[in-house]
Amino acid sequence: MSTLIEPTALTNPVEKVLRNDRIPTIWCPGCGLGTTVNSFAYALMASGADLKKTAIVSGIGCSGRVSGYVALDSFHTTHGRAIPFATGLKLANPELTVVVYSGDGDLTSIGGNHLIHAARRNMDILVVCVNNMIYAMTGGQAAATTPGAATSTTTPYGSFEPELNIPQLVDAAGACYVARWTAFHVKQLEKSMTEALKKKGFRFIEVLSPCPTLYGRRNGYADGLAQMKEYKEMAKVKNGAPTYEVAITHGQPIIVGKFVDRDRPDYLTLMRSQLGAHYHEVAEVGVGCGDESEGKEGCCSC
Amino acid sequence: MHAEKESVLTGTHFINGDTACCEGLLAAGAKFAAGYPITPSTEVVERFAQRAPTVGGLFIQMEDELAASITLQGMVWAGQKSFTVTSGPGYSLMMEHIGYAAMTETPCVFVDVQRGGPSTGLPTLPAQGDMMQARFGSHGDYSTISLVPNSPQECFDLSVKALNLAEKFRVPVMFMMDECVGHMTEKVVIPEAEEIEVQPRRRTSKKPDEYLAYEVGEDLVPEMAHAGEGYGLYVTGLTHDKKGYPLMNPKQQRELVTRLFEKISRAADELTIVEADGVEGADVVVVSYGITSRVAMRAVHLAREKGLKVGSLRLICVWPFPEKLIRELAPKVKALIMPELNMGQVVIELERFAAGRTKVISVPHPGGTVHDPLEILEAIERGAQ
């Protein structure tokens, strides 16, 4: 005899970290973004981060919408500039945990310079880069991450450019933590995100994600599942792999794992230690409360 | 609220406009800034980089102007007052984020120490060629405020005002200096902290569950909450509803964009900031702003020596344009003369509001130096005929 479960009694454990009034998402069936957000939601809960003091910043594109589905302080910024916005948040309030969640085109092409320099500065932020290998929101144009032979709406004869090896770039620029997973590796991704959330310094996780609508169907994948199957079959976990060996090459294994995990002082730590006595800690740096009800001038200590 | 004592360099100083601008922004409560070096604006952030840590703040030099112009907005949403400083080419790069600040209603100041353009132009020489860019530079429709100082003293006084207005109206305020004013060294008197009025952040007094990020009262300016305060903010450059959620349809676009305009236009009287000299009863009035106003004053004096009834109207706040004032003034005079260090930008607005009721004479100049007062005098004489 089966027991009928009331649908209302069913709640997704990650609901409390999502903006349920924004769901369903705008993402296509078969897209991997939702899966990565699920892993991220579990990671947020597992990390013990104070969610009231956690901000998520996105740029523009399909992945740029992630910030708006997570129940944190959400900032949907301009194309490519999520990292500098996040930098401002972190510098002005070091108590914040700041996560940038955006796409490959946004972070590595139009925002590529910011990615390099945030890693170099060792800005204390976590960057999650969902790599669907295409500009999806705008209709499937070639990205810096589109594999050479792949067809896109702006490379109908195939791309003439080699694709970017993102882990190698951020490793070279000085990131403290570099990992790559795919939307298939939900548990590994969650674990990696949890670990990265707890770490200090510039942390970077690339997540390969299927885009059946604008990448897959033009490049021999019948649907999102076909790309997921490829991730399953072709992925090879190689923790500690030198990042110059992890470029994604068509027909070759997809190297995943944690490639870099090192420690060096982040920007603010270095700044404080170098400034020494020049840094005058004001009890509470702020902009005033604006509470006019208190009336008298200069009342405001905040 | 008044300025914090430790941020204010009270006293009489002999400093340049760039330095005075830095001190003004500090006095107004900006302890955080992001920038990227560009002549002739660098002294502002060089000074700030030295001063900020002593008041618990910091300056970060970003990798480019695109980064600087949005890093400062992250600083604002984290609860600080912030600004950036640039010049022509950098100002062009910052345009997208001026739009973002206008759309998200992020209070901040963009300082543009204008130099000759277009393109790389004249890096070390003055111009006022970015005035229309200050008004219309970013894509889409928005309204903001531009203040134009004409001396190092005003670089202090008006940069305080610029940040105060930014906070009051929650807009990016353009502080339109020029190379002459920026590099000119003069006496600057910085008052006691208690004498400097500072507009505090308009923070919400509501609890997170009753707060709507873009709900407005009578003055159409929403109250702000910051990241990390438990409000679960949603800030986007997309057209959004009162919650801040994206809502992209013609109705919401009309509601939002109209409000972004109206919050400024409703304050037209408060934002009519001018300095008038002998305008009452004048036959001809020279309308000018920034460094050009100082050259114009020389021309006005020369004309007065010749017996002409000439007034001077200096626009301290150029945007929003003092429409009402010009509408009222135009029928009373034979001519309005506008010298500018550009090929005729703000004069377009002057003509629009003079509306054919008086002669409007433009005295353009491509920049690189200031006008010869005699050029302006000649225009005054033509206008007086």
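Residues numbered from 1 in each chain as written. Chains lettered and ligands numbered in written order. Predicted model: local features only at pLDDT ≥ 70, side-chain atom pairs only at ≥ 80, totals over all residues. Heavy atoms only, no water.

Enquirer: Tell me about the overall build of chain B, residues and numbers included.
Expert: Secondary structure assignment for chain B yields 12 helices and 16 strands. Scaling as 2.2 N^0.38, a compact globule of 385 residues should have a C-alpha radius of gyration of about 21 Å, and chain B matches this with 21 Å. Projected onto the principal axes, the alpha-carbon positions of chain B cover approximately 70 × 50 × 40 Å. Nonlocal contacts in chain B, meaning residues at least 24 apart in sequence, comprise 77% of its contacts between residues at least 6 apart. For chain B, the accessible area works out to roughly 13300 Å², and carbon and sulfur atoms hold 52% of it. A distance of 5 Å separates the average location of the 37 positive side-chain charges in chain B from that of its 50 negative side-chain charges. (Helix = DSSP H or I, 4+ residues; strand = E, 2+ residues; numbered from the N terminus. Rg over C-alpha atoms; globule rule 2.2 N^0.38 Å. Contact = heavy atoms within 4.5 Å. Areas by Shrake-Rupley, 256 points an atom, 1.4 Å probe, with all protein chains shown as cover. Lys, Arg positive; Asp, Glu negative; His and termini not counted. Charge placed at Lys NZ, Arg CZ, Asp CG, Glu CD.)

Enquirer: Give a description of the nonpolar core that names residues and reports values.
Expert: Residues Phe-75, Leu-89 and Phe-202 of chain A together with Leu-336 of chain B are the most contacted members of the largest nonpolar core, which totals 98 residues. Discounting chain neighbours no more than four positions away, the residues touching Phe-202 of chain A are Leu-115, Ala-118, Ala-119, Asn-122, Met-123, Ile-125, Val-127, Val-170, Ala-175, Cys-176 and Tyr-177 of chain A. Counting 54 residues, the second-largest nonpolar core is a separate cluster that includes Ile-15, Val-109, Ala-162 and Val-221 of chain B. (Core = buried A, V, L, I, M, F, W, Y, C linked by side-chain atoms within 4.5 Å. Buried < 20%, exposed > 50% of the residue type's maximum accessible area, 1.4 Å probe, protein only.)

Enquirer: I'd like a description of helix H12 (residues 373-384) of chain B, backed by residues and values.
Expert: Residue and element names in this part refer to chain B. Compared with the 16 Å implied by 1.5 Å per residue over 12 residues, the 16 Å span of H12 between its first and last C-alpha is a close match. Here H12 has its buried residues at Ile-376, Leu-377, Ala-379, Ile-380, Gly-383 and Ala-384. One side of H12 carries all its buried residues, which in axial view fall inside an arc of 160°. Looking at the packing, one finds that the buried side of H12 touches strand E12 (284-288), helix H9 (291-305), strand E13 (310-315), strand E15 (335-339) and strand E16 (359-363). The N-cap of H12, judged by a side-chain oxygen 2.9 Å from the amide nitrogen of Leu-374 a few residues on, is Asp-372. (Expected span 1.5 Å × (residues − 1). Arc of directions from axis to C-beta. Polar contact = N/O pair within 3.5 Å; in protein donor to acceptor, adjacent residues only side chain to side chain.)

Enquirer: Provide a residue-level description of the pairing of strand E1 (residues 54-58) of chain A, including the pertinent values.
Expert: Residue and element names in this part refer to chain A. Taken across its 5 residues, E1 has 5 buried, putting it largely inside the fold. Neither face of E1 is left uncovered, since the one carrying Thr-54, Ile-56 and Ser-58 and the one carrying Ala-55 and Val-57 both have all their residues buried. The sheet contact formed by E1 and strand E3 (residues 97-103) spans 4 bridges and is parallel. Following the sheet pairing, Ala-55 is matched in E3 by Val-98. (Pairing = 2+ DSSP bridges.)

Enquirer: Run through the domain arrangement of chain A, naming residues and quoting values.
Expert: Residue and element names in this part refer to chain A. Split into domains, chain A comes out as domain 1 (13-264) and domain 2 (266-302). For domain 1 and domain 2, the distance between their C-alpha centres works out to 35 Å. With both chains or domains summed, domain 1 and domain 2 bury close to 530 Å², and 71% of this area falls on carbon and sulfur atoms. Its largest share of buried area at the contact with domain 2, domain 1 owes to Leu-91, Arg-121 and Lys-200, together 49% of the area lost on that side. Applying the counting criterion to the domain 1 and domain 2 interface returns 2 residue pairs in polar contact (both at pLDDT 80 or more). Grouping the constituent residues of the side of domain 1 that touches domain 2 by class yields 3 nonpolar, 2 polar and 5 charged. (Domains from an automatic or database assignment. Buried area = accessible area lost by both parts, 1.4 Å probe. Nonpolar A, V, L, I, M, F, W, Y, C, P; charged D, E, K, R; others polar.)

Enquirer: Which residues make up the pattern of salt bridges, and what are the values?
Expert: As enumerated under the stated definition, the model contains 34 salt bridges over all chains in all. The partner of Asp-171 of chain A in a salt bridge is Arg-262 of chain A, and the shortest N-O contact between them spans 2.9 Å. Placement of the pair is Asp-171 of chain A in helix H5 (residues 166-173) and Arg-262 of chain A in the loop between strand E8 (254-261) and helix H8 (267-275), with a sequence separation of 91 residues. Two residues, Lys-263 of chain B and Glu-105 of chain B, come together in a salt bridge whose shortest N-O distance is 2.9 Å. Residue Lys-263 of chain B is located in helix H8 (residues 250-265), and its partner Glu-105 of chain B is located in the loop between helix H4 (88-104) and strand E5 (108-116); the two are separated by 158 residues in the primary sequence. As far as the burial class goes, Lys-263 of chain B and Glu-105 of chain B line up, both buried. (Salt bridge = Lys/Arg side-chain N within 4 Å of Asp/Glu carboxyl O.)

Enquirer: How would you explain the sheet that holds E12 of chain B if you had to name every residue and give the values?
Expert: All names here are of chain B. Strand order in this open sheet of 5 strands is E11-E13-E12-E15-E16, and the pairing throughout is mixed. The outermost strands of the open sheet, each flanked by one partner alone, are strand E11 (274-277) and E16. With direction set aside, neighbouring strand axes in the sheet form an average angle of 20°. By the bridge criterion, 4 bridges tie E11 to E13 in an arrangement that is antiparallel. Residue pairing in the sheet places Val-274 in a bridge with Leu-315 of E13. Against the sheet, H9 makes contact with E11, E12, E13 and E15, and its axis sits at roughly 170° relative to E13, the strand it touches most. (Axes fitted to C-alpha atoms, helices over the stretch in contact; angles between N-to-C directions.)

Enquirer: Would you mind going over the interface of chain B and chain A in detail, with residue names and values included?
Expert: Across the boundary between the two partners, chain B contributes 54 residues, which contact 47 residues of chain A. Taken together, both faces of the contact between chain B and chain A bury some 4200 Å²; the carbon and sulfur share is 57%. Scanning the region where chain B abuts chain A turns up 2 salt bridges. Between Glu-63 of chain B and Arg-121 of chain A there is a salt bridge, with the nearest N and O atoms lying 2.8 Å from each other. Counting every contact that joins chain B to chain A gives 22 residue pairs in polar contact (both at pLDDT 80 or more). Of all the elements in the fold, those that place two or more residues in the side of chain B that touches chain A are strand E2 (30-35), strand E3 (58-61), helix H3 (65-77), H4 and strand E10 (234-236) of chain B. Here the side of chain B that touches chain A takes 8 residues from H3 of chain B, the largest share from any one element. Looking at the side of chain B that touches chain A, its residues break down into 25 nonpolar, 17 polar and 12 charged.

Enquirer: Residue-level account of the domain arrangement of chain B, with values.
Expert: How big an interface is tends to be stated in terms of the accessible area lost upon association of its parts. All names here are of chain B. We note that the domain assignment places domain 1 (5-195) and domain 2 (272-384) within chain B. Between the C-alpha centres of domain 1 and domain 2 there is a distance of 26 Å. Taken together, the contact pairs 28 residues of domain 1 with 25 residues of domain 2. It is Gln-128, Met-132 and Asn-150 that lose the most area in domain 1 upon contact with domain 2, and together they represent 31% of the buried surface on that side.

Enquirer: Report on the pairing of E12 of chain B, specifying residues and quantitative values.
Expert: Residues and elements named next belong to chain B. Extensive coverage of E12 is indicated by the burial of 5 of its 5 residues. Burial of E12 is two-sided: the residues Val-284, Val-286 and Ser-288 facing one way and the residues Val-285 and Val-287 facing the other way are all buried. Direction of pairing for E12 relative to E13: parallel, over a ladder of 5 bridges. Its bridge partner being in E13, Val-284 is matched across the sheet by Val-310. For the segment spanning E12, H9 and E13, crossover handedness is right-handed. Examined bridge by bridge, E12 and E15 share 3 bridges and lie parallel to one another. (Right-handed = clockwise from strand over helix to strand, strands pointing away.)

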